[in-house]
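Here are the chains, one letter per residue:
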Amino acid sequence: MVATLISIAILALAAAGAAERRGPWVDEIIVIEEPSDAAAISRLEVKDIDVYAYTVSNPDIFERVLANPDLDYQISFGSYNELTFNPVGPVFPGTGKLNPFAVPKIREAMNILIDRDHISQEIYGGMAVPKFFPITAAFPDYARYAEICRVLELKYAHNPALADEIISAEMEKLGAKRILGEWIYEGEPVEIKLLIRNEDERKLIGDYIGNLLEGIGFEVSYDYRTAAEASPVWYSGDPAEGKFHIYTGGWITTVVARDQADNFDYFYTPRGLATPLWTAYEPAPEFDEVAEKLDRAEFKSMEERAELFSKALELCMEDSVRLWLIDQTSFAPHVAEVSVTADLAGSIAGSYLWPHTIRRGEEVGGTIRMAMPSILTEPWNPLDGTNWIYDMGLIRPTGDLGYMWDPYTGMHYPNKIEKADVFIQEDLPVSVTLDWVNVVRVAKNQVPEDAWIDWDPVAQRFITVGEKYPEGLTALRKTIAYYPDDLFETTKWHDGSPLSVADIVLGLILNWDRAMEESEFFDEAQVPSFETFQRTFRGVRITSLDPLVYEYYSDLYYLDAEWYVPTGYPYFAQGTAGWHNLGLGIKAEMAKEVAFSSDKASKAEVEWLSYIGGPSLKILEEQLEVIIADNWIPYSPTLSEYITPEEASARWENLKNWYDEKNHFWVGTGPFYLDKAYHLEKVVHLKRNEDYTFASGRWDIFSEPMIAEVEIFGDRTVQIGAEAVFEIEVTFEGEPYPTEYLDNIKYMIFDARGELAYVGQAEPIEDGYWEAVLPAEISAQLVVGSNRFEVAAVSVVVSIPTFESSEFVTHD
Amino acid sequence: MAAELPSGPKIPQRPAAKRENPALDNLLRFGKYFITRVISLSITLVIAVYLTVLVANMGGAVDQIREGQIRERIGLMALADPEIMRMPVEDRRAMEEELVRLEMSRYGLDRPFIVRSFGYLTRAMTLNLGRAEYLTSDSGSNQVKLIILERLPTTLLLMMSSFLLIFFISLYFALYLSRHYGSFMDRAVIALAPVSSGPAWFYGIFLIMFFAAVIGIMPFGGMVKAPPPTQWFRYALSVLHHMTLPVIAVFCSSLFIAVYSRRTFFLIYSTEDYVEMAKAKGLSPRAIERRYILRPTLPPIITQFALALIGQWQGAYILETVFNWPGLGLVMLEAINMYDTPVIVANSVIFGYLLAFTVFILDIIYAIIDPRVKVGSEEGRL
């Protein structure tokens, strides 16, 4: 239903804009470098720039933005901090000193010793929210299990007296004595070594934790280090040496993760990483088993997953080799008249949609001036070029994807493709939300004999399943991506060349060729990722050339059927490219003059290939002359089936003209093209692709996240044993929140003792108005006193749940 | 006065010998002296560069840091890839280890540091600057020479312009003040000299606040407007516009102290006995200034000029940061933070060569311009 609405909205918006304009709303974007967030705000205030595409987390700057009606911002999450405990002991073999944090109960008690509200409010100035679990509060898993999380959060609320009591009891069991308020073990004070990162707020967190530990009788040493200096101690060093007890860790995720179940296995078990610290983890057998099952998706339904998840959340708190502190809130400021999409995790630079939605008011055309903290950091090439978030933020507007990422839920929507069929093995826990995917549950997926499964790098031709697996092959998942009929008429490369099937086939070839030693294009650095790919890949075929139909077989699957439907559309790891400009780079690498990957470039002592500047351009220019003279076609034995000599000639000519005009080889199919990159001046000039496939406004529905606002009305006094009704108002920007955009509204009743008494589902009455009924039999179980009614509203269009609570009194 | 004198060449003291061919004798003495000088400077340079290699790598401890960073990066990469996370643990381990091995080999970390350290030294001394380990130049090349050369013009433009302006203005202004000792202007400069205790970036912040944020007539930073003009003269005008505030900032931090110290320097020289004698002889003030004040002060001024000149090419990190000026200072700071040894060593060795060359040239210049210096001559004495 929701999917239908969103799909209709996307199509309607596209139709509305179609008559007037294609591509983005603005004509050009000028991007400059501004490393200082304070300076950027000053520039925004005087309208020297329109958008600062950076995740600012400075509370003082946030205050400036809030106080200025001419400025607005986009919120994002994705950074989170924790305490990493050294679990070795209770006595370090390396030093003979006591390590209290080898005891799970002491680690668990640390959860209630610290005050996460203090950290988020005082240290982060409100730019953070308390975090208890290895899942992000703004991502779907937290919303799925909100009631479980809330109960545990209350259980582990700040209670320093209880923490002291538990820690004292455990310390005494270890043989330590508290003399004059100080813990003594074998005649010496118990020293806690805090390894503290000094580049950001974690320095203050470290000081705060140190003060707390000193307050309960420990002697604390403070070791302040940068990331690089701390790494050999906590990450690659042997924890048995006892060089640290606690490390102030930090993590980041740049995409909205729809499935964070593997985090338990990664963060708490020795399977997480092959480092001495992780090897020292000894989770309880039950936790170990639950974490592994979640990691390997060993469950058959979402209900079974919920049970495992619930257990994991509880057990991870008991284990607490990691103590989660806060989810950091960041914001990307911009002038109020400009609207732009920001990803909930990756902000503006991490969003695929920002170039499509950026606009000044209702203006059509015009220029937007954007600043980023760093641009043109490393060479741009589509296979292994720069991976810096800001460079990628500028590369994305020049390319297009088969599907598009929903910046607020992480869900996928069709972009270049029209629809997809997913055939999934029936015993796998895969669900579907959106109606562009048709899910078919099957006993098994037989891979057809003519599907491509391998590549012969010498003969330069595909090997079919029939050749490699005469006995046959099956796959857990089969996907069929359907492209529109007019794909090849409506999609053109920026240099004017029409898209062709060869662009897609070359992408397939590269899956194998770069990782095969016999290939001229072999790159040793590709082998490990290739082996990962091989592990789950079961075949691919193109069943129709026009309209294009792309069929893919794999043993890899996700909880959402919509997630990662392979489309073959030529958007590579670091950008977009057609067979011609990609082929040019391949030719230059084969000539041993450049290399796509920095690894190969370093070892071969050649240039790391850049399509947009530096010595690479001259090399590419020379190679292009050779190619034009020979009318060369890359991987000719295969690609010649899809490229005629005339087409090849036209493409090379187009590319040469493009280079002559723009002085770079960066050619995509996206809504913007790279007009010019000024390397020394650190300026990137993007211009609107007037031939872009889609009409302006196609993705405007994602202009801003519809984070629900909730208010609770209704009974404040409830008679024990009587039914009570609570009214819940849900709005967005003052308007009723459409019922179909809400997945559910859960409510929880916490009794006068603070214990969870009931969990129920509110019922929709009309748009923006829901009702929760507390049944008489539940109210009969409550005791006299003050109770709390807590609501979690879970939306389907944005993954952040909204919490609200209200007190009510029960009486006889 | 002794403190102001340059540390000129040592004067060999040899017993007097019978001079059969004084010209040849002088040439031999010159040759011997300069060969000794070249050798000593070369040895100093080798030691300095090797020390740079050791310091930049913390005597090899950086290898551990880099290995830790590589492992951490690969661990994070695994976390972000569901395909890797779902692999059996043993296979995942093997893959991670293979990736670590590749990265270690790429950075040469599979060879002992001591072996690599001599490689760094050899390449540096032969000015084979090679390729950076992490950094790339603005245009995307990993060649160290391009990393430096692409930033050199902008650095020189800003730093040299500021330096040359301050140097010559302060020189003439100091001379003027030394002639008008005790005047209002003289007292004003003395009063303003403490202003120079503030660094250029400090003034830069205020200048940006006032001229860019409040008045809006100057840019916030950068070296040219965006997008850069296509016509060269418009481009040049835009660069001039952008470098105005940083140059003023350097002026504020350096001009008054430079004038004050040089004016004091000239005043000291102008009270020498031979200056008094010249005055008594009735020479004109111009002649006294040119022959009796400026000439003996020339060696220390030239030394100061030459050494400061070669120092300019390294840029000024904080000033560049404040004005977002694409200079070498920022690159070097980045290289230090990333432990990019080839770039750090290249910077040191270029500066080392420039310094050694300058010192060597200064030795020659002293001999030419200062009549009191005679290399190797038994009568040479100050």
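Calculation rules
Residues numbered from 1 in each chain as written. Chains lettered and ligands numbered in written order. Predicted model: local features only at pLDDT ≥ 70, side-chain atom pairs only at ≥ 80, totals over all residues. Helix = DSSP H or I, 4+ residues; strand = E, 2+ residues; numbered from the N terminus. Rg over C-alpha atoms; globule rule 2.2 N^0.38 Å. Core = buried A, V, L, I, M, F, W, Y, C linked by C-beta atoms within 7 Å. Buried ≥ 20, exposed ≤ 12 C-beta atoms within 10 Å, placed from the backbone. Contact = placed C-beta atoms within 7 Å. pLDDT = per-residue confidence, 0-100. Nonpolar A, V, L, I, M, F, W, Y, C, P; charged D, E, K, R; others polar. Arc of directions from axis to C-beta. Domains from an automatic or database assignment. Pairing = 2+ DSSP bridges. Axes fitted to C-alpha atoms, helices over the stretch in contact; angles between N-to-C directions.

Enquirer: Teacher, can you tell me more about the overall build of chain B here?
Expert: Broken down by element type, chain B carries 14 helices and zero strands. Start at the N end of chain B and walk to the C end: the helices and strands fall as α-α-α-α-α-α-α-α-α-α-α-α-α-α. Compactness check: chain B gives a C-alpha radius of gyration of 27 Å against a globular reference of 21 Å for 382 residues, more than 25% above the reference. Viewed in the frame of its principal axes, chain B has a C-alpha envelope of about 100 × 70 × 40 Å.

Enquirer: Sorry, what's going on with the nonpolar core here?
Expert: When a protein is soluble and globular, its nonpolar side chains tend to lie buried together. Among the nonpolar cores identified, the biggest contains 275 residues, and A:Val31 and A:Ile246 are the most heavily contacted of them. Looking at which element gives the most residues to this core, the answer is helix 9 (residues 232–269) of chain B, with 13 residues. Once residues within four sequence positions are removed from consideration, A:Val31 is found in contact with A:Met370, A:Met372, A:Ile375, A:Leu394, A:Val683 and A:Val684. By size, the runner-up hydrophobic cluster in this structure holds 24 residues, among which are B:Val144, B:Ile148, B:Val343 and B:Val345.

Enquirer: Looking at this structure, how should I read the confidence of the model for chain B?
Expert: Interpretation of the predicted coordinates at a detailed level should be avoided for regions scoring low in pLDDT. Residues and elements named next belong to chain B. Per-residue pLDDT for chain B has a mean of 82; in total, 91% of the residues score no lower than 70. Per-residue pLDDT, averaged within each element of chain B, yields its smallest value for helix 3 (residues 82–85) (74) and its largest for helix 8 (residues 200–214) (91). Across residues 1–12, where pLDDT falls below 50, the model places 17 contacts with residues more than four positions away in sequence or in other chains. Across residues 378–382, confidence stays below pLDDT 50; counting only partners more than four residues off in sequence or on other chains, it has nine contacts. Under the prediction, the complex receives an ipTM of 0.80, its pTM being 0.85.

Enquirer: Mind showing me how you'd approach the interface of chain A and chain B here?
Expert: Frequently, the measure chosen for interface size is the accessible area removed from exposure when the parts meet. In this complex, chain A contributes 55 residues to the contact, which on the side of chain B involves 44 residues. With five residues, the single largest contributor to the side of chain A that touches chain B is helix 20 (residues 527–536) of chain A. Tallied by class, residues from the side of chain A that touches chain B come to 22 nonpolar, 13 polar and 20 charged.

Enquirer: Honestly, helix 3 (residues 59–67) of chain A in this entry has me stumped. Any pointers?
Expert: Residue and element names in this part refer to chain A. Taken together, the buried positions of helix 3 are occupied by Ile 61, Phe 62 and Val 65. Angularly, the buried residues of helix 3 cover 105 degrees about the axis, an arc narrow enough to put them on a single face. Residues of helix 3 that are exposed and point over 90 degrees away from its buried face: Asp 60, Glu 63, Leu 66 and Ala 67. On its buried face, helix 3 sits against helix 2 (37–45), strand 3 (71–85) and strand 11 (322–335).

Enquirer: Hey, could you run me through the environment of A:Lys587 in this one?
Expert: Residue and element names in this part refer to chain A. Tracing the backbone shows Lys 587 in helix 21 (residues 579–590). Each C-alpha atom of the pair Lys 587 and Glu 690 lies 31 Å from the other, and the pair is 103 residues apart in sequence. Those residues in contact with Lys 587 that sit more than four places away from it in its chain are Gln 623, Ile 627 and Trp 632.

Enquirer: What's the story with the domain arrangement of chain A in this structure? I'm lost.
Expert: Along its sequence, chain A is carved into domain 1 (78–257 + 322–328), domain 2 (389–701) and domain 3 (709–811). The distance between the C-alpha centroids of domain 1 of chain A and domain 2 of chain A comes to 45 Å.

Enquirer: Sorry if this is basic, but what is going on with the sheet that holds strand 6 (residues 182–185) of chain A here?
Expert: Pairing between the strands of a sheet is mediated by backbone hydrogen bonds and can be parallel or antiparallel. The sheet built from three strands is open, its strands ordered 5-6-7 (chain A) with antiparallel pairing. Sheet topology places strand 5 (177–179) and strand 7 (188–189) of chain A at the edges, where each strand pairs with a single neighbour.

Enquirer: Before we go on, may I ask you to explain the sheet that holds strand 37 (residues 756–761) of chain A in this structure?
Expert: All names here are of chain A. Reading across the sheet, the five strands line up as 33-41-40-36-37 and stay open at both edges, with mixed pairing between neighbours. Since the sheet does not close on itself, it has two edges, and those belong to strand 33 (717–719) and strand 37, each with one partner. On average, adjacent strands in this sheet sit at an angle of 30 degrees to one another, irrespective of strand direction. In this structure, strand 36 (residues 742–750) lies alongside strand 40 (residues 785–795), joined through eight bridges in antiparallel fashion. Paired with Tyr 747 across the strands is Val 791, a residue of strand 40. Across the sheet, helix 7 (residues 146–155) lies against strand 36, strand 37 and strand 40, angled at about 30 degrees from strand 36, the strand it touches most.

Enquirer: I keep staring at the pairing of strand 38 (residues 763–766) of chain A and nothing clicks. Help me out?
Expert: Walk down a regular strand and you will see the side chains alternate between the two sheet faces. All names here are of chain A. Two elements, strand 38 and strand 39 (residues 769–774), share three bridges in a ladder whose sense is antiparallel. Across the sheet, residue Pro 764 finds its bridge partner in strand 39, namely Trp 770. Once strand 38 ends, the chain turns through two residues before running back antiparallel as strand 39, passing Gly 768 with a positive phi of about 80 degrees.

Enquirer: I keep staring at unusual backbone geometry and nothing clicks. Help me out?
Expert: Only a minority of non-glycine residues have a phi that is not negative, and only a minority of peptide bonds are not trans. With omega at 5 degrees, the peptide bond leading from A:Asp546 into A:Pro547 counts as cis. As for its placement among the helices and strands, A:Pro547 is situated in the loop between strand 24 (537–545) and strand 25 (548–554). With an omega of -5 degrees, the peptide bond between B:Ala226 and B:Pro227 qualifies as cis. Looking at the element boundaries, B:Pro227 is found in the loop between helix 8 and helix 9. The backbone phi angle of A:Glu733 is positive, close to 50 degrees, even though this residue is not glycine.

Enquirer: Please explain the pairing of strand 3 of chain A as it appears in this structure.
Expert: All names here are of chain A. Most of strand 3 sits out of view: 12 of its 15 residues are buried. Across 12 bridges, the pairing between strand 3 and strand 11 is antiparallel. For Tyr 80, the partnering residue across the bridge sits in strand 11 and is Asp 327. Here strand 3 pairs with strand 10 (residues 246–252) via seven bridges, running antiparallel. Paired with Ser 79 across the bridge in strand 10 is Ile 252.

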